[in-house]
Amino acid sequence: MDAGKKKKKEKKELPPLEEAEGGVVMRFAPNPSGPLHLGHARAAFLNDAYVKRYGGRYVLRIEDTDPRRVDPEAYEMVQEDIKWMELGVTDIVYQSDRMDIYYDLCRKLIELGGAYVCTCDAERFRELKMAKKACPCRSHTIEENLELWEQMLTGGFAEGQVTVRVKTDLEHPDPAIRDFSIFRIVDAPAHPRIEAKVYPLMNFSVVVDDHLLGITHVIRGKDHIANTRRQRYIFDYFGWKPPVYRHYGRMSIEGVVLSTSSMHRGIDEGTYTGWDDVHLGTLRAIGRRGIQPKAVRQAMVDLGTGDTDISFSWENLYAANKAVIDETSDRFFFVPHPVRYEVEGAPEQTAEVPRYPGDEKRGMRALDFTGAVVLPAAEVEGATVVRLKDLFNIEVKGERQAAYAGDDLTAAREAKAPIIQWLPAGYGIPCTLHTPEGDLEGVCEPEVAEYVDRMVQFERVGFARIDRVEDGRVVAFFAHR
RNA sequence: GCUGCCAUAGUGUAGUGGCCAAUCAUGUCGGCCUUUCACGCCGACGACUGGGGUUCAAAUCCCCAUGGCAGCACCA
């Protein structure tokens, strides 16, 4: 077999990770509030790339410690999306399974004098914090804190009445660091997986889990820089060694909806057809359009881990995707807005067209010409001579009439006649091509119906994923040109 | 307001004092190939935010300005 020419688009390497030579343990830690989107994919692929590079374990940690932000259906969706991305996940952990661990270690932190139970009003505390002043609760004795903590756990407080704070440095120049919260009470809604009222905040559960799971390196967005500083206090109190962190800059993504709440709302209101609506930036939405996980991975690795804020480039993603799918996508004719033309004077014949130019082994398509064809309206408008690809030249006489104008390809080229796709009249099956700009109605070759869930290239139109066949109509999603 | 981070072509990226009249990818344009406006090949276009300073030498170091971003939640 011909090995085929490997296009040597040398792939870019991520910068090396410090202290990683002996292997790493990294994690991807989504909140199960909805399906994963492009923003998640960056973190997921970046961490995955380093685990693959240095070897080690990759922990999927479901951070479901806020009942308000847990969508029961998201657990399943997240798993599906992880599978789609083909991540090398080795361990799965649900934080909601680890509540007792967090409770125990909170008690320990209190005993170490590293945390106190605060019953101040949130607003009041904020004022004190901004003024670098201690709140009254800060001077509780360890015994008093322990007792208050016990009361928290046994239902002695209602939501909003109490929180546990880490003792940091009230003089810290960054107000974001001063005595942050690590536990709170949530009375409602109920958590879908467990019964609990007292929940750790991420800065606590993350530290505990990163340590207990042996996480060595963390690649996350720069919105966590302040959290990293806060978490350092907890690591220090326990005498634990923090992982190595890297924070990448903000990534803006144009043209799609990413906010879970607006996606939810849009779906409820019928604005979007579902989580895979093409207007959304979810992985399932771009997957439905035929973007391959490998292309997303490549695009994310290309973006790197820089501190600079960047804008996500669909062009670059499409280019990466094209590189992945071009060789495996068979070519077909799709005629948008088909108009029937009678062609006078042309001999009946059969056009043999390769499914993939350059590789005859993939077979030919046979298109029988018997006198009438359908052509894309936009292409014949105003044209005088056009070349029907793989067939012959015609002269457009207007009003659905055309005349045979010879077989000579060279003549067509010299006349600068466009070479267009066509189908025998009555041969094609209906096809709807969904594009971001709207739907394109037309007809395509019947064989396309056998390509459900695969990619094809509609010649001169672009790559598309065949989504399904409904009542004899092919439904396809446009990926890119 | 306070704290911190960042600043290279349309987009992304390489570059940690001389080899940078700045890399690669993508994009756009042109050409070749081709019965696709695809793939492949060739070429062109296109950037160090501004101003000071240090130095024999700065995209690289320092300062200021400007711009962008993040955090200051009992979210993650």
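Here the structure is a predicted model, which means the values were calculated and not measured. (Residues numbered from 1 in each chain as written. Chains lettered and ligands numbered in written order. Predicted model: local features only at pLDDT ≥ 70, side-chain atom pairs only at ≥ 80, totals over all residues. Heavy atoms only, no water.)

Q: Could you give an account of the pattern of salt bridges, with specific residues and numbers?
A: Any two side chains of opposite charge can pair, given that their charged atoms come close. Scanning all chains against the criterion turns up 37 salt bridges. Of the charged contacts in the structure, one is a salt bridge between Glu459 and Arg365, with a shortest N-O distance of 2.7 Å. Highlighted residues: Glu459 in the loop between strand E25 (455-458) and strand E26 (462-470) and Arg365 in strand E16 (residues 364-369), separated in sequence by 94 residues. Each of the two residues, Glu459 as well as Arg365, counts as buried. By sharing partners, the salt bridges in this structure join Asp276, Arg288, Asp453, Arg465, Asp467, Arg468 and Glu470 into a single network. (Salt bridge = Lys/Arg side-chain N within 4 Å of Asp/Glu carboxyl O. Helix = DSSP H or I, 4+ residues; strand = E, 2+ residues; numbered from the N terminus. Buried < 20%, exposed > 50% of the residue type's maximum accessible area, 1.4 Å probe, protein only.)

Q: Break down the sheet that holds strand E7 (residues 198-200) for me, citing the residues and quoting the values.
A: The strand order across the open sheet formed by four strands is E4-E5-E6-E7, and the pairing between neighbours is antiparallel. With one partner strand each, in any of the chains shown, strand E4 (115-118) and E7 form the two edges of the open sheet. Across the sheet, the mean angle separating the axes of adjacent strands is 20° when strand polarity is ignored. As defined by bridge partners, strand E6 (residues 181-185) adjoins E7 across three bridges and the pair is classed as antiparallel. (Pairing = 2+ DSSP bridges. Axes fitted to C-alpha atoms, helices over the stretch in contact; angles between N-to-C directions.)

Q: Give a detailed account of the pairing of strand E20 (residues 401-404), specifying residues and quantitative values.
A: Bridge count between strand E14 (residues 338-344) and E20: three bridges; the pairing is parallel. Looking at the pairing, Val343 lines up with Ala402 of E20. Bridge count for strand E19 (residues 393-398) against E20 is four bridges, and the pairing is antiparallel. Counterpart to Gly398 in the pairing with E20 is Gln401. Where E19 hands over to E20, the hairpin turn is made up of two residues, of which Glu399 adopts a positive phi near 30°.

Q: How would you summarise the protein's contact with RNA strand B if you had to cite specific residues and measurements?
A: In the vicinity of RNA strand B, 61 residues are found, and the nearest of them are Glu63, Arg69, Leu201, Asp390 and Arg460. Considering the 4 Å shell around the protein, atoms of RNA strand B inside it are sugar or phosphate in 72% of instances. Residues that form the surface near RNA strand B fall into these classes: 19 nonpolar, 12 polar and 30 charged. (Near = heavy atom within 4 Å. Nonpolar A, V, L, I, M, F, W, Y, C, P; charged D, E, K, R; others polar.)

Q: Break down the packing of aromatic side chains for me, with residues and values.
A: All chains considered together, the criterion is met by 14 aromatic pairs. Plain terms: the ring middles of Tyr103 and Trp149 are 6.0 Å apart, the flat faces sit at 70° to each other, and that makes the pair edge-to-face. Taken as a pair, Tyr103 in helix H3 (residues 99-111) and Trp149 in helix H5 (residues 142-153) lie far apart in primary sequence, 46 residues in all. For the pair formed by Tyr103 and Trp149, the shared burial category is buried. Ring geometry for Phe392 and Tyr404: centres 5.1 Å apart, planes at 85°, overall edge-to-face. (Phe/Tyr/Trp six-rings, centres within 6.5 Å; stacked < 30°, edge-to-face > 60°.)

Q: Which residues make up the pairing of E14, and what values do they have?
A: Taking every second residue as pointing to the same face, the buried face of E14 carries Val339, Tyr341 and Val343, while none of Pro338, Arg340, Glu342 and Glu344 on the other face is buried. In this sheet, strand E17 (residues 372-376) lies alongside E14 in antiparallel orientation, the contact comprising five bridges. When the sheet's bridge partners are listed, Pro338 is paired in E17 with Pro376.

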